[in-house]
Protein chains: 2
Amino acid sequence: SERATTGLTLLEGPILLSEAALAGVEIVEVFGLADDSVSRSLVSPERWISVTREVLDRLAPTESPRGPIAVVHIPLPGTVTRDSITIGVGDPGNAGTLIRTAAAFGFDVVRAEGSVDLWAPKVLRAGAGGHYRTTIGARQENAGLIATVVSGGLMPDQLSPDPDRPWSILIGNEPRGLSEDEVASADIRVTISMEERSESLNAAVAGSIVAFELARWRKRVGGYGVAR
Amino acid sequence: SERATTGLTLLEGPILLSEAALAGVEIVEVFGLADDSVSRSLVSPERWISVTREVLDRLAPTESPRGPIAVVHIPLPGTVTRDSITIGVGDPGNAGTLIRTAAAFGFDVVRAEGSVDLWAPKVLRAGAGGHYRTTIGARQENAGLIATVVSGGLMPDQLSPDPDRPWSILIGNEPRGLSEDEVASADIRVTISMEERSESLNAAVAGSIVAFELARWRKRVGGYGVAR
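Residues numbered from 1 in each chain as written. Chains lettered and ligands numbered in written order. Predicted model: local features only at pLDDT ≥ 70, side-chain atom pairs only at ≥ 80, totals over all residues. Heavy atoms only, no water.

Side note on helix α2 (residues 14-22) of chain B
Residues and elements named next belong to chain B.
Thought 1: If you check which residues of α2 are buried, you get Leu 16, Leu 17, Glu 19 and Ala 20. One face of α2 carries all of its buried residues, which in axial projection span an arc of 165°. Of the residues in α2, the exposed ones pointing more than 90 degrees away from the buried face are Ile 15 and Leu 22.
Thought 2: In the stretch just after α2, Gly 24 is the one whose phi turns positive, near 75°. (Buried < 20%, exposed > 50% of the residue type's maximum accessible area, 1.4 Å probe, protein only. Helix = DSSP H or I, 4+ residues; strand = E, 2+ residues; numbered from the N terminus. Arc of directions from axis to C-beta.)

Set out below in structure tokens:
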């Protein structure tokens, strides 16, 4: 809620800071150890505040901070132009992992209602820079929807939807999954076959397997999978 | 280290407790809320200790315990008979997610040197019961090794190794990945193609994509993928 009001979030570690700097993100200030010359070289001197290890530990949103901690502006929503992953998960680690997968496979990202804030520090950490290498925004109106269901759907490697529409993979919350309405509104249902009906996959894993197969299909047929 | 000495670990939540009870795990004691009749019905009365919400919060290995907390014996290593995932990751969430994937796709699990303790509470939590629906033990001597590399490997869907050997997928630590020695010792190298060389996937996601494809291959050719 503070993030929604201020439009600011926290980045942790040198990798996220360098990704943000590269993407031209507006950096408000960076707290780091005085001898952290690598991080220091990434920001203009007036944005840098040297602190002790103890202060860094207290500032960090996670348990074992590797420093530095940067206060940055959350970018405005981008324009989604490619196939996408629609993230509706509450777990910040899973949300970040899906954003990382989206960046790796050339998907944009849409936030579903009820999802965790995609710019929360823990989501950024699990995203490993993916936030700054994909577009996060609203889904295209003509996008087709792909829902993952426990049984009765297509195998992910048999996906062959209309190539003239962008497609979005819907990922629901654990352990409940997608709502009945979400499944009913989907254009295509896929099922990742498992050993037994009682088995299940982590939501980020299931979404990433479907994304891997959809990206292979898109590479074959061309269209909305083009690079940004 | 205390786990290695005592042979005990902690399970959190009703789902893990019921999976463990179903698998015949030796339960030492269970701490739960007095009115948690579901969990209570899973254990014999002399193993149950009713506690307050405050005590439960203090006992729990994670932040937001859903209760109950069970002290259980770690099973002895099992006999690995199927294809497997060799887990060499330090992150407990990733290790547990890979165990969950292994159970879902019919793989056994091997712990690599340098990996997190696969029976740590956080690993059990991310495993979502998978620990009790697969076999964790030492790799077969005749197992072939599959390493994931950044470039130059086979596409995961082109995997077609010798079906008369069991195969194991090696998953290395983030962000370093597998060591040069591990890659050199592997029989097969696979590469998940991504948008750019700078991109990367979460270790559990990468391992799960390779496992998904290997399971599809094994289903076609028969052999070591048989149910336990």
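Some points on the sheet that holds strand β7 (residues 108-111) of chain B
Residues and elements named next belong to chain B.
Thought 1: Pairing within the open sheet is parallel, and its five strands lie in the order β7-β6-β10-β9-β11. At either margin of the open sheet sits one strand with a lone partner, and together these are β7 and β11 (188-190). Adjacent strand axes in the sheet meet at a mean angle of 25°, parallel and antiparallel pairs treated alike.
Thought 2: When strand β9 (residues 144-148) meets strand β10 (residues 167-171), the two strands line up parallel, connected through four bridges. From the neighbouring strand, Gly 144 faces β10, where its bridge partner is Trp 167.
Thought 3: With respect to the sheet, helix α5 (residues 92-105) is in contact with β6 (84-87), β7 and β10, its orientation differing from that of β6 by roughly 175°.
Thought 4: This element, helix α8 (residues 203-221), spans β6, β9, β10 and β11 of the sheet and lies at about 170° to β10. (Pairing = 2+ DSSP bridges. Axes fitted to C-alpha atoms, helices over the stretch in contact; angles between N-to-C directions. Contact = heavy atoms within 4.5 Å.)

Let's talk about the interface of chain A and chain B
Interface size is often expressed as the accessible area that is lost when the parts come together.
Thought 1: Contact residues are listed per partner, giving 31 residues for chain A and 31 residues for chain B.
Thought 2: Taken together, both faces of the contact between chain A and chain B bury some 2,700 Å²; the carbon and sulfur share is 50%.
Thought 3: Contact with chain B buries area across many residues of chain A, yet A:Arg100, A:Glu195 and A:Phe212 alone supply 22% of it, more than any other trio.
Thought 4: Across the chain A-chain B interface, the total number found is six salt bridges. (Buried area = accessible area lost by both parts, 1.4 Å probe. Salt bridge = Lys/Arg side-chain N within 4 Å of Asp/Glu carboxyl O.)

A short note on the relation of the copies chain A and chain B
Thought 1: For these two chains of identical sequence, chain A goes onto chain B by a turn of 180° and a shift of 0.0 Å along the axis, with RMSD 0.0 Å. Both copies of the chain, as the preceding transformation shows, are related through a two-fold rotation axis. (Least-squares fit on C-alpha atoms with pLDDT ≥ 70 in both.)

Comments concerning the sheet that holds strand β1 (residues 8-12) of chain A
Residues and elements named next belong to chain A.
Thought 1: Spatially, β1-β4-β2-β3 is the arrangement adopted by the four strands of the open sheet, whose pairing is mixed. Looking along the sheet, the strands with just one partner apiece sit at the ends: β1 and β3 (48-50). Geometrically, the sheet is characterised by an average inter-axis angle of 20° between neighbouring strands, direction not taken into account.
Thought 2: Lying over the sheet, helix α2 (residues 14-22) contacts β1, β2 (27-32) and β4 (69-73), oriented at roughly 130° with respect to β1.

A closer look at the environment of B:Leu42
Residue and element names in this part refer to chain B.
Thought 1: Tracing the chain through its elements places Leu 42 in the loop between α3 (37-40) and β3 (48-51).
Thought 2: Through-space distance from the C-alpha of Leu 42 to that of Phe 31 is 12 Å; in sequence the pair is eleven residues apart.
Thought 3: Not counting residues up to four positions away in its chain, the partners in contact with Leu 42 are Pro 14, Leu 17, Ser 18 and Ala 21.

Remarks on the pairing of strand β10 (residues 167-171) of chain A
Within a regular beta strand, the side chains point alternately toward one face of the sheet and then the other, so they alternate between its two faces.
All names here are of chain A.
Thought 1: Counting buried residues along β10, five of its five residues qualify, which places the element largely inside the surrounding structure.
Thought 2: Going residue by residue along β10, you find Trp 167, Ile 169 and Ile 171 tucked away on one face and Ser 168 and Leu 170 tucked away on the opposite face as well.
Thought 3: The pairing of strand β6 (residues 84-87) with β10 spans four bridges and is classified as parallel. Its bridge partner being in β10, Ile 85 is matched across the sheet by Ile 169.

A few points about the packing of helix α8 (residues 203-221) of chain A against α8(B)
Thought 1: Running from N to C, α8(A) and α8(B) cross one another at 65°; their axes reach a closest spacing of 9 Å. Relative to α8(B), the element α8(A) is oriented roughly perpendicular. Crossing handedness for the pair α8(A) and α8(B): right-handed. Only B:Ala204, B:Val205, B:Ser208, B:Ile209, B:Phe212, B:Glu213 and B:Arg216 of α8(B) make contact with α8(A), whose side of the interface consists of A:Ala204, A:Val205, A:Ser208, A:Ile209, A:Phe212, A:Glu213 and A:Arg216.
Thought 2: Split into classes, the residues belonging to the contact of α8(A) with α8(B) amount to eight nonpolar, two polar and four charged. (Parallel < 35°, antiparallel > 145°, perpendicular 65-115°, else oblique. Left-handed = near helix turned anticlockwise from the far one by under 90°. Nonpolar A, V, L, I, M, F, W, Y, C, P; charged D, E, K, R; others polar.)

A word on unusual backbone geometry
Residues and elements named next belong to chain A.
Thought 1: For the bond from Glu 174 to Pro 175, the omega torsion is -5°, close enough to zero to count as cis.
Thought 2: With respect to the helices and strands, Pro 175 occurs in the loop between β10 and α7 (180-185).
Thought 3: With phi around 50°, Ala 128 is a residue other than glycine that occupies positive phi space.

What to know about the packing of α5(B) against α8(B)
All names here are of chain B.
Thought 1: It is the contact of α5 with α8, at a shortest axis distance of 9 Å, that shows an interaxial angle of 10°. Taken together, α5 and α8 sit at an angle that is classed as roughly parallel. Of the residues in α8, those touching α5 at Asn 94, Thr 97, Leu 98, Thr 101 and Phe 105 are Ala 203, Ala 204, Gly 207, Ser 208, Ala 211, Phe 212 and Ala 215.
Thought 2: Residue composition of the contact of α5 with α8, by class: seven nonpolar, five polar and no charged.

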